[in-house]
Amino acid sequence: MKSKLRRVTYVLVSVLVILGIVLCTAAYVLPRQSFPQVSGQIQVRGLNGPVDVMRDENGIPHIYAANAHDLFFAQGYVHAQDRFWQMDFWRHLSAGRLAEMFGKSQLANDKFLRTMGWMDIAEQEWQSLPADTRTIFQAYADGVNAYLAGHQGTALSLEYAVLSLLNRDYKIEPWLPQQSIAWPKVMAWDLGGNMGQEIENAILLKTFSAAQIAELNPPYPADNPVIVPGFKINSAGQSASTGAALNYAALTGLFESTGQQLSQVQELLGNTGADIGSNDWVIAGSRTASGKPILADDMHLSEQMPAIWYEAHLECTPVGPGCPFDVTGFTFAGMPGVIVGHNQRVAWGFTNVGPDVQDLYIEKINPDNPNQYEYQGQWVDMQTRQETFKVAGGPNVEMTVQVTRHGPIISDVYGALDNFKDQAGIDLPGKFAIAMRWTALEPNNVIQALMGLDLAQNWDDFRKAASYFAVPSQNMVFADVDGNIGYQTPGNIPVRAAGDDGLLPVPGWTGEYEWQGYIPFEQLPHTYNPPQGYVATANNAVVGPDYPYSISRSWAYGFRAREIVSMIENAPGPITVDYVKKIHGDDKNWNAAALTPVLMNVSLSDAHLAQVRQILQGWDYQDQMDSAPAALFNAFWKYLLADTFNDELPNDQPPGGGRWFEVMRNLVEKPDSAWWDNVTTPQKENRDQIFQAAFAEAVADLEKQMGSDPAKWKWGSVHTITFHNQSLGKSGVSLIENIFNRGPFPASGGSEIVNATGWSTTAGSYAVRSLPSERMIVDLSDLQNSQSVITTGQSGHAYHPHYADQIDPWRLIQYHPMYWERSQVESHAPDRLRLVP
């Protein structure tokens, strides 16, 4: 018996050992099938001549070609080598075709995305592009397809091995230039508008007065900076009229239904909240040690794996009229050219303006004909188009998209409005829908803007390129090697006939809320060599209240901008690249600076809580990852918002961020405000009682997570970043997630802090949701001294050496050189690939 048991045990152990060897071999071999060839020579059909691709020690390709066709052909080839799964996922996302990859779970998202019609608009833009730009985009697509011709399945990316288990019939299609053009539409959505706020405000009107809603939407703080102070134009601005009134309480169900649909899409595309923004600033030579400008940029987007950006250097050999490109910086895998960076004379950076370029229109639907809507007393036929959705593992699904003069119908709300006619305060017919007008749903020339920036040689070229930048409107900073600096607001920003503030949905049937055009480009804010010697932008107000047009009522509230300006103006000496790094890494929490003194003066009867509170004494308000005070304050902030507002707001707790910093900064000056009272209790609470309760909850929370000794608490122990694969990283299958995700890692910073690692007070944790997706510092005195970093790494291939090698440098505010001169590149390029016809 014992002998048989030993034999069985031996067999089982042998099987397990063999299985382990097989699994380990598969884990080692399978991922490496997709690692691209980066050295030697490859013969590629479609090239006109040889192209050199030198990858530096960070995996950044420096591409040298004798003509523009080959330059962008090679860029497409290299993008496909390193990031094709990301490209494939993005093109299906922008086209509303995710169900073709992942099945019916993505059908609802596809329906919304297809309703937007981004690919239809991209096709129109493709047809209108100048011939030379079309040639570039076609060359790029040909380069992608040249790589696809020799690589399929796991030879392209490990994700296809997982996809094959879910969808055996999936076939990779050739790349089209129109798919490159569609991606900026997704970015325009990611950088957003105020549609969510319109829905929120409409729902709040059911319960709260206009004065209460105003307290929750405070004006831009007068003590925080604007980007272009004192900007003047010769225009009377926009006209105003009263317009029709709506009973918003009667329409609450409509808004909630639409808001839920938008939330689902937001979950797919990433966080589009207040923390999606950016910082950039440019400092004139009068303030720098070199006597020439320094330009800095960091764009705040959702976390993802691989990084949203891919660095590349494109250089014609030689640079001349037939091939004028010599540019380096951050690119999107799937698009030719460089989005943000510098060429041989000019550097530029972006932050989001956040203008109000979205309006929701409530349309009256003909009860006898659902394809008609009312406009100025007449029934008008909607435009319709039929969409067919291919669904992996299931039958095709058909849908009709309806479009009014204002835009596509984005709600399916007829059932939810059955009783609204009797409840409404105005004469309402029986059927309604919500249409959305958005500047990104109109064909534009953003592609021309991006190509123009790559080639700009001076301020005039820069502004000409900016004039094409219709959407998303960006704060564009400029510097050149001659010592000039500047700033431009671009974009199609609507002028509204009714003069409304754009913070609520409006009646679509009256004609009183139509857009009258866009703010003329020459009247958009701009400045060239400003007297203060710098321009700083952080999604804060571009101009003061004297500007005659309405750009936005939803700026970031200026706390990041305040800190950047303070550090520039109070620099200890002439500013250097190293000092700019300190600005990038600054963790000053202005919310803590406002609320901590109030908290320190609140009476605490519990001796233990009073002792814990002492760790806040003398704190410099820096949210560094090893800081115990930062951990305590941020936990307190989370519970303070919950205890103040959860009892009254329909969507429970606010998410935090700069708007709520300002709400609370104003509210603490009113210790007996009705907002402090918890309406679910019989007694009436005041500010100090809410502070006491929130602080006790914060201490209990941190003791549970990090132990009873507050001296050992660290902000980075709870404020962590996990980089998730955008498609498979939240599958719920831990084995798959562990293959593609990386983290958690401790992080410094926080929401509305220069080091903007945003987190939400509603998420159940302090985890980072949005972040500086890149950092760049350009030294215009010596371009070879420029430096940058991205969040994860250049490669999109799990387990590749460059898949996650930039995570630690990124979170520790470290950089790598942006190699520029070819001699410099060659001395730092371990991998050299030559592509030949």
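Note that the structure is predicted; figures quoted are calculated from it, not measured. (Residues numbered from 1 in each chain as written. Predicted model: local features only at pLDDT ≥ 70, side-chain atom pairs only at ≥ 80, totals over all residues. Heavy atoms only, no water.)

Caption draft 1: Spotlight on the sheet that holds strand 6 (residues 310-316). Pairing is mixed across the open sheet formed by eleven strands, whose spatial order is 1-30-2-3-6-7-8-9-17-18-22. The outermost strands of the open sheet, each flanked by one partner alone, are strand 1 (40-43) and strand 22 (526-528). Each adjacent strand pair in this sheet contributes to an overall mean axis angle of 15°, direction not counted. Where helix 2 (residues 68-94) meets the sheet, it contacts strand 1, strand 2 (51-55), strand 3 (61-65), strand 6, strand 7 (326-331) and strand 30 (831-836), and its direction lies at approximately 160° from that of strand 6. (Pairing = 2+ DSSP bridges. Helix = DSSP H or I, 4+ residues; strand = E, 2+ residues; numbered from the N terminus. Axes fitted to C-alpha atoms, helices over the stretch in contact; angles between N-to-C directions. Contact = heavy atoms within 4.5 Å.)

Caption draft 2: Main features of the side chain of histidine 313. With respect to the element layout, histidine 313 can be found in strand 6. When its relative accessible area of 0% is taken as the criterion, histidine 313 is described as buried. In this structure the side chain of histidine 313 is engaged in a polar contact, spanning 2.9 Å, whose partner is the side chain of histidine 62. (Buried < 20%, exposed > 50% of the residue type's maximum accessible area, 1.4 Å probe, protein only. Polar contact = N/O pair within 3.5 Å; in protein donor to acceptor, adjacent residues only side chain to side chain.)

Caption draft 3: Here's a closer look at the packing of helix 6 (residues 131-148) against helix 8 (residues 177-191). It is the contact of helix 6 with helix 8, at a shortest axis distance of 8 Å, that shows an interaxial angle of 110°. Judged on the interaxial angle alone, helix 8 and helix 6 are roughly perpendicular. Facing helix 6, whose interface residues are Phe137, Gln138, Tyr140 and Ala141, helix 8 presents Pro177, Ser180 and Ile181. Here the contact of helix 6 with helix 8 is composed, by residue class, of five nonpolar, two polar and no charged. (Parallel < 35°, antiparallel > 145°, perpendicular 65-115°, else oblique. Nonpolar A, V, L, I, M, F, W, Y, C, P; charged D, E, K, R; others polar.)

Caption draft 4: How the structure looks around the state of the cysteines. One pass over the structure, following the stated rule, counts one disulfide. In this model, cysteine 316 is linked to cysteine 323 through a disulfide, with the two sulfur atoms separated by 2.0 Å. Note on the cysteine 316 and cysteine 323 pair: the S-S dihedral is about -70°, so by sign convention the disulfide is left-handed. Accessibility classification places cysteine 316 together with cysteine 323 in one group, the buried group. (Disulfide = S-S within 2.5 Å.)

Caption draft 5: Looking closely at the nonpolar core. The biggest cluster of nonpolar side chains holds 176 residues, and the ones touching the most others in it are Phe84, Trp438 and Leu835. In terms of residue count, helix 2 provides more of this core than any other element does, 14 residues in total. Excluding anything up to four places from it in sequence, leucine 835 contacts Ile42, Val44, Leu47, Gly49, Pro50, Val51, Val53, Ala74 and Tyr77. Listed in part, the 51 residues of the second largest apolar core include Ala592, Trp619, Ala628 and Tyr639. (Core = buried A, V, L, I, M, F, W, Y, C linked by side-chain atoms within 4.5 Å.)

Caption draft 6: Quick peek at the sheet that holds strand 13 (residues 383-389). With antiparallel pairing, three strands are arranged side by side in an open sheet as 13-14-15. What marks the edges here is a single partner per strand, and that holds for strand 13 and strand 15 (407-408). In the packing of helix 4 (residues 107-116) onto the sheet, the strands contacted are strand 13, strand 14 (397-404) and strand 15, and the crossing angle to strand 13 comes to about 145°.

Caption draft 7: Broad picture of helix 16 (residues 577-584). Taken together, the buried positions of helix 16 are Val577, Tyr579, Val580, Ile583 and His584. When helix 16 is viewed along its axis, its buried side chains cluster within an angular range of 155° and face the same direction. Those residues of helix 16 that are exposed and angled more than 90 degrees off the buried face are Asp578 and Lys582. Residues of helix 16 that are buried in the fold lie against strand 4 (277-283), strand 5 (294-302), helix 15 (559-569), strand 27 (774-779) and strand 28 (787-790). (Arc of directions from axis to C-beta.)

Caption draft 8: Representation of the pairing of strand 18 (residues 485-488). The alternating pattern of strand 18 places Ile485 and Tyr487 on one face and Gly486 and Gln488 on the opposite face, and all of these are buried. Strand direction decides the pairing type here: strand 17 (residues 474-480) and strand 18, joined by four bridges, are antiparallel. Residue phenylalanine 478 lies in a different strand from strand 18, and its bridge partner there is glycine 486. Hairpin connection between strand 17 and strand 18: a loop of four residues separates the two successive antiparallel strands, and glycine 483 in this loop has a positive phi of roughly 105°. Where strand 18 lies against strand 22, three bridges are found, and the strand directions are antiparallel. Residue pairing in the sheet places glycine 486 in a bridge with tyrosine 528 of strand 22.

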